[in-house]
Every structure is written in structure tokens, then in C-alpha cells.
Amino acid sequence: MTTLVDLPRLADRVLRGEPAGRASRPRATLAALALLVLIHGLCYGAAMGTFGGFTGERIWQVVYSAVKLPFMLLATFAISLPSFFVLNTLFGLRDDFTRVIRALLVTQAGLTVILASLGPFTLFLYVQGIGYQQALVANGVMFAVSSASAQILLAREYEPLIRANPRHRTLLKVWLVVYVFVGIQMGWILRPFLGDPQQPVQFFREGSFTNAYMVVIELAWNVLTGQARR
Amino acid sequence: MATDKARGGKGSGWFSDLDRLLRGELTRTQSLRAGGLALDPLRLALVIVALAASYGLCMGAFAAFRADGPNLIQIVASMVKVPLLFFLTLIVTLPSLYVFNALVGSRLAAGALVRLLVAALAVMTAVLASLGPITAFFSVSTTSYPFMLLFNVAIFAVAGILGLSFLLQTLHRLSLSAGPTDEPAPLAAESEFVDQGALEPVGERGPSPHVRLVFRIWVVVFALVGAQMGWVLRPFVGNPKTPFAWFRVRESNFFQAVFQTLRSLFS
């Protein structure tokens, strides 16, 4: 159980990348990487959930958001993994699969570390007294920045794999499409992350078990046909 | 070796054939030359049933979260119907394939043909089952029936395309390995492809154009029959607006229905 103490060092190694040739230090285990996602996800989730304040009942929104954020990332990962495993096997890349999982988990861990580092900005913006819509946009920007930055890690981790077999490049694209597709729906049903101050605190939003894509399709259709339903 | 470790991790021998199939070990040109597709079709068929049923579970999960209370019998029905869908489609299309295959002078014997098709079905259902968690997640978190229908059609299409390209690729390799061995060229090329995946194209020489044409046509027929078979066996997902039924009235066809569903998605 040295991992807890080593977490900051591990996060540092994730960001800097582990030099391939150095075998002196054992490589981070997959469980340690998942723990990294969990801890940093908790941190940013909690920061995110403080929008409505953290007094009285509002503290629960902080707790819910803290739990939900890492859950969203890890559950999306777990749901998308089986098909990716079979695809990798089918395309003859099975022997690399442990390295593939590591590359993906390092990216996830990096994403949450970056996100957690942006947490103070989010809190700073909250303190300015921005509105709910602005807070949504601000968090969207934070996610966009960390997702984009995590691509650096992904490219670095995948580079040796792609060099060994260019087919990894195609499969990585497949992974990203599937992961984003599942992740969007996962984020959608796990709302609210911020907690609208006008609404009571709840773990799931009333009627949130809908489909994100259907909502988008309906919106687009209404815009195209000029109908303004509700 | 990592391969041995992974195989040992599978534990029972039931899935080892499937595993070797997916890895492409069974379809290497050397092993095909040694004795064709070395697998037990009956045992693999049971694995296919298990995989297809597991996807049926994920598919039927939509009915378990209906607004008017769970409809568990739909899950059972889907778990029975998905394996049925694959095997009935195979039964409908296999005889004509065998006849035309023999007619155009392919070297594949009946047993080899059955093993090849069972192998392709296994790949198909393995892909399908591996996409099951995604389907289950959307089934549970979605209330839109048309979305789930089209989603499942897309998943089946992905599994079908991968399974059938495996079939064409393996056929290609089978005829390579059955070809005359006095030509050294393909043997030399093989050594580069020791780690080839099951879908990796090998060499230029394939089956005769007639055999290839028969199989290409068959792949299309299989997809069409499979789609229509799915229509006959419906409901798989279970429309939340109608009560449970094992089968629906025979009407319309699959392609019309997909088109209708696409339209209802936008209304």
C-alpha cells in the first residue's frame, strides 16, 4: 500500500512519460493508474459540485459530483473495453493488448490530473459569482482543455505501438469514436454535475434516463423544421 | 510467452477454440495446410449459443426498464431468439452454398465448409457479445424505442461485416493452403506473416474467380436473409407501447421497417 504515498510521484511520471529503457523503477501498475483516475476525478468532481455552495444540503451535491466524475470515466472505459479487446485480437494485436490498456489508462489518468490542476480555476470563477449557464460553459472549457491536452499523452504512449504495427493507429481511432460515443451518453445520464441552485440537490436528475443523441436529434429536427416544441 | 499465458487465463477448453480463432492461430496458412480448420464444430456451436444469448440479454435489457414495469419474459425471448437467428440463417443459406460451391469446382468438402461457416459465425457472435456491454448500457439509459432498434441494427451490422470478412479471408487462405505446394513463392511470403491477424490479407493468389464469386454472392445473401430472419423473429427489443408477444404478425420487411424507424426517429 505504498501507492497512496506515491500518487503524486506517479502523477508526475504519467505527465512526463516513462522512459522506455529504464528498468530500474517498476512501471506503474494498472490498478495504480486507475487509482490515479479515481483520486483526481474525485478532486475535480468535488470542485465542480461546489457551484451551489457547500452549506447545508448543498454539501451533498459536492459529494455526488465527486463520486460521479471518476465513475463516468471508469465506467465508460469498462463498457468500451470488451469490444476493443475482441477487435484487437481479431486484427492480430492481442499480444500488445496489455500495453494498449496501459496507454489508454495513462491517458485517462493524465486527463484527470490535468482536470484536477484546473480545479482552482473553476473555483476561482465560481467565486466571481458567475451564473449557472456560464458555469456550465466554464466546465465545458475545462473538460475540452484537458481532453485536448491528454491527446499529447495518448500520442506519446501509442507512438511505439504504432511504430511496431501501423494497424494500431486505426484501432485507436475506433477506440476514440466508441469511447466518446459511450462517454457522451454516460455524462448525460449522470447529470447533474453542477447542480442548478434553483433546483433541489439530487443524485440523478428527474427524467435524466433519456438518450443524449435523441435530444440532439430532436433539437436539430426542431430547428430545421422551424417547430418550437415547448 | 504471452500467448500461453492468455490461453491459460481462459481456463476451460470451451473458449480456447474461439480464442485461437480470433487470434488467427487456426487460420494461419501453415496450420490450414496441415489439416484444414482444426476445430470442433459442435463445441464451437455451443459457444456461439452462449455468446449470442449473452447479447440477447443485453438487447432485452431495454424491456426490463419499461415505464410500466419490467417485462422479463422479453429478456428470455431475446436470449432464445438471437442464437436462433444465426443458426436459422445458416440453415437457410448453407445448402445452396454447398451446391453452388461444388458446382463451380471448389476444393472445399462439405465438412470443411461447415467448419468454415461455424468459425465465421463464432467470430460474428464474439464481436456481437463484446459489444453487449455498450448495448446494455444504452438499453438501460434510453427510453427511445426507435433509437434502440437502429442502434441494434448497427451493432449487428458491425458484427456481420467483421464475421463475413473473416469468412472471405479464411476462404482465401484455405484455397491458398490447398493449392499446389511445388510453388515456393507463397511459402516464402508466409514467414513474414507468422503473427498475422485473422483478418490480415495474405498473398495475391486466391480461390478461383468462380468460387470467389459464389462466396461473395453468398455473403450478400447471408446478410439479406439474416436481416429478414431478424424481422421474422422480432420482437427482440420489445416496443414499450405494445404488450409482449413471442412473435409479431408477419408484415412488411426488414428494410422498410428500418426506413420507417429512421423516419420515426425524426418525428
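Nothing here was measured: the structure is a model prediction, and the numbers come from that model. (Residues numbered from 1 in each chain as written. Chains lettered and ligands numbered in written order. Predicted model: local features only at pLDDT ≥ 70, side-chain atom pairs only at ≥ 80, totals over all residues. Heavy atoms only, no water.)

1. Points about the overall build of chain A
Right, so step 1: Helix and strand counts for chain A stand at seven helices and zero strands.
Right, so step 2: Across chain A, helices and strands are ordered from the amino to the carboxyl terminus as α-α-α-α-α-α-α.
Right, so step 3: Counting across all 230 residues of chain A, residues that qualify as buried make up 48%.
Right, so step 4: Accessible surface, chain A as shown: approximately 11700 Å² in total, 68% of it carbon and sulfur. (Helix = DSSP H or I, 4+ residues; strand = E, 2+ residues; numbered from the N terminus. Buried < 20%, exposed > 50% of the residue type's maximum accessible area, 1.4 Å probe, protein only. Areas by Shrake-Rupley, 256 points an atom, 1.4 Å probe, with all protein chains shown as cover.)

2. Looking at the environment of His 168 of chain A
Residue and element names in this part refer to chain A.
Right, so step 1: You can see His 168 is positioned in helix H6 (residues 167–189).
Right, so step 2: Along the sequence, His 168 and Tyr 158 sit 10 residues apart, while their C-alpha atoms lie 7.9 Å from each other.
Right, so step 3: Contact partners of His 168, with chain neighbours within four places excluded, come to Asn 88, Leu 93, Asp 96, Val 100, Tyr 158, Leu 161 and Ile 162.
Right, so step 4: Here Asp 96 takes part through its side chain, which lies 2.9 Å from a polar atom of the side chain of His 168. (Contact = heavy atoms within 4.5 Å. Polar contact = N/O pair within 3.5 Å; in protein donor to acceptor, adjacent residues only side chain to side chain.)

3. With respect to the interface of chain B and chain A
Right, so step 1: Contact residues are listed per partner, giving 33 residues for chain B and 26 residues for chain A.
Right, so step 2: When chain B packs against chain A, close to 2600 Å² is buried across both sides, 71% of that on carbon and sulfur atoms.
Right, so step 3: Our count for the contact surface shared by chain B and chain A stands at two salt bridges.
Right, so step 4: Arg 94 of chain A is the partner of Asp 19 of chain B in a salt bridge, and the nearest nitrogen-oxygen pair spans 2.8 Å. (Buried area = accessible area lost by both parts, 1.4 Å probe. Salt bridge = Lys/Arg side-chain N within 4 Å of Asp/Glu carboxyl O.)

4. Focus on the pattern of salt bridges
Right, so step 1: Scanning all chains against the criterion turns up nine salt bridges over all chains.
Right, so step 2: Here Asp 19 of chain B ties to Arg 23 of chain B by a salt bridge, and the two come within 3.4 Å at their closest N and O atoms. Residue Asp 19 of chain B and its partner Arg 23 of chain B are both found in helix H2 (residues 16–23); the two are separated by four residues, about one turn of the helix. Side by side, Asp 19 of chain B and Arg 23 of chain B carry an identical accessibility label, which is buried.
Right, so step 3: Residues joined by salt bridges that share partners form a network here, namely Arg 94 and Asp 95 of chain A together with Asp 17, Asp 19, Arg 20, Arg 23 and Glu 25 of chain B.

5. Looking at the packing of aromatic side chains
Right, so step 1: This structure, assessed with the given rule, holds 24 aromatic pairs over all chains.
Right, so step 2: Aromatic side chains Phe 86 of chain B and Phe 156 of chain B sit 6.2 Å apart centroid to centroid with 25 degrees between the ring planes, which places their arrangement in the stacked category. Of the two residues, Phe 86 of chain B is situated in helix H5 (residues 72–103) and Phe 156 of chain B in helix H8 (residues 145–178); the sequence distance between them amounts to 70 residues. For the residue pair Phe 86 of chain B and Phe 156 of chain B, the accessibility class agrees, reading buried in each case.
Right, so step 3: Every member of this aromatic cluster is reached through a ring pair, and the members are Phe 77, Phe 84, Phe 85, Phe 97, Trp 175 and Tyr 179 of chain A.
Right, so step 4: The ring of Phe 193 of chain A has Lys 68 of chain A lying over it, and the distance from NZ or CZ to the ring centre is 5.6 Å. (Phe/Tyr/Trp six-rings, centres within 6.5 Å; stacked < 30°, edge-to-face > 60°. Lys NZ or Arg CZ within 6 Å of the ring centre and 35° of its normal.)

6. Re the packing of H5 of chain B against helix H6 (residues 110–130) of chain B
For any two helices packed against each other, one specifies the inter-axial angle together with the distance between the axes.
All names here are of chain B.
Right, so step 1: Contact pair H5 / H6: the axes reach a minimum separation of 11 Å and the direction vectors enclose 150 degrees. In terms of axis orientation, H5 runs roughly antiparallel to H6. Like other packed secondary-structure pairs, H5 and H6 cross with a definite hand, here right-handed. Across the interface between the two elements, Val 82, Phe 86, Phe 87, Leu 90, Leu 94, Leu 97, Tyr 98 and Asn 101 of H5 pack against Ala 110, Leu 113, Val 114, Leu 117, Leu 121, Met 124, Thr 125 and Leu 128 of H6. (Axes fitted to C-alpha atoms, helices over the stretch in contact; angles between N-to-C directions. Parallel < 35°, antiparallel > 145°, perpendicular 65-115°, else oblique. Left-handed = near helix turned anticlockwise from the far one by under 90°.)

7. Some remarks on the confidence of the model for chain B
Parts of the prediction with low pLDDT should not have their coordinates interpreted in detail.
Residues and elements named next belong to chain B.
Right, so step 1: With 86% of its residues at a pLDDT of 70 or more, chain B shows a mean pLDDT of 81.
Right, so step 2: Note on residues 1–11: pLDDT is under 50 here. Beyond four places in sequence and across chains, it has 11 contacts.
Right, so step 3: Counting contacts from residues 182–193, a segment whose pLDDT is below 50, to residues more than four positions away or on other chains yields eight contacts. (pLDDT = per-residue confidence, 0-100.)

8. Details of helix H10 (residues 209–232) of chain B
Right, so step 1: Its 24 residues give H10 of chain B an end-to-end C-alpha distance of 34 Å, which sits within 8% of 34 Å, the value for a rise of 1.5 Å per residue.
Right, so step 2: Val 211, Val 214, Phe 215, Trp 218, Val 219, Phe 222, Gly 226, Ala 227, Met 229, Gly 230 and Trp 231 of chain B are the residues of H10 of chain B that are buried. (Expected span 1.5 Å × (residues − 1).)

9. Considering H2 of chain B
All names here are of chain B.
Right, so step 1: In terms of residue burial, H2 counts as a mostly covered element, since seven of its eight residues are buried.
Right, so step 2: Taken together, the buried positions of H2 are Ser 16, Asp 17, Leu 18, Asp 19, Leu 21, Leu 22 and Arg 23.
Right, so step 3: Positioned one or two residues after H2, Gly 24 has a phi angle of 85 degrees, which is positive.

10. Thoughts on the environment of Val 174 of chain A
Residue and element names in this part refer to chain A.
Right, so step 1: Counting through the fold element by element, Val 174 comes out in helix H6.
Right, so step 2: Look at Val 174 and you get partly exposed, because its relative accessible area is 31%.
Right, so step 3: Distance from Val 174 to Phe 84, taken between C-alpha atoms, is 8.3 Å for residues 90 residues apart in sequence.

11. Quick word on a nonpolar patch on the surface
Right, so step 1: Together, Ile 73, Val 76, Val 80, Leu 84, Leu 88, Ile 91, Trp 246 and Phe 247 of chain B make up an exposed nonpolar region whose accessible area comes to about 700 Å².
Right, so step 2: By the secondary structure assignment, Ile 73 of chain B is in helix H5. (Patch = residues over 30% accessible without salt bridge, like charges linked within 9 Å, V, L, I, M, F, W, Y side chains within 5 Å.)

12. Regarding the nonpolar core
A general tendency of soluble globular proteins is for nonpolar side chains to be buried together.
Right, so step 1: Membership of the largest hydrophobic core comes to 129 residues, with the highest contact counts inside it found for Leu 104 and Tyr 158 of chain A together with Leu 21, Phe 138, Leu 167 and Phe 215 of chain B.
Right, so step 2: Those residues in contact with Leu 104 of chain A that lie beyond four places of it in its chain are Phe 77, Phe 84, Leu 154, Tyr 158, Leu 172 and Trp 175 of chain A. (Core = buried A, V, L, I, M, F, W, Y, C linked by side-chain atoms within 4.5 Å.)

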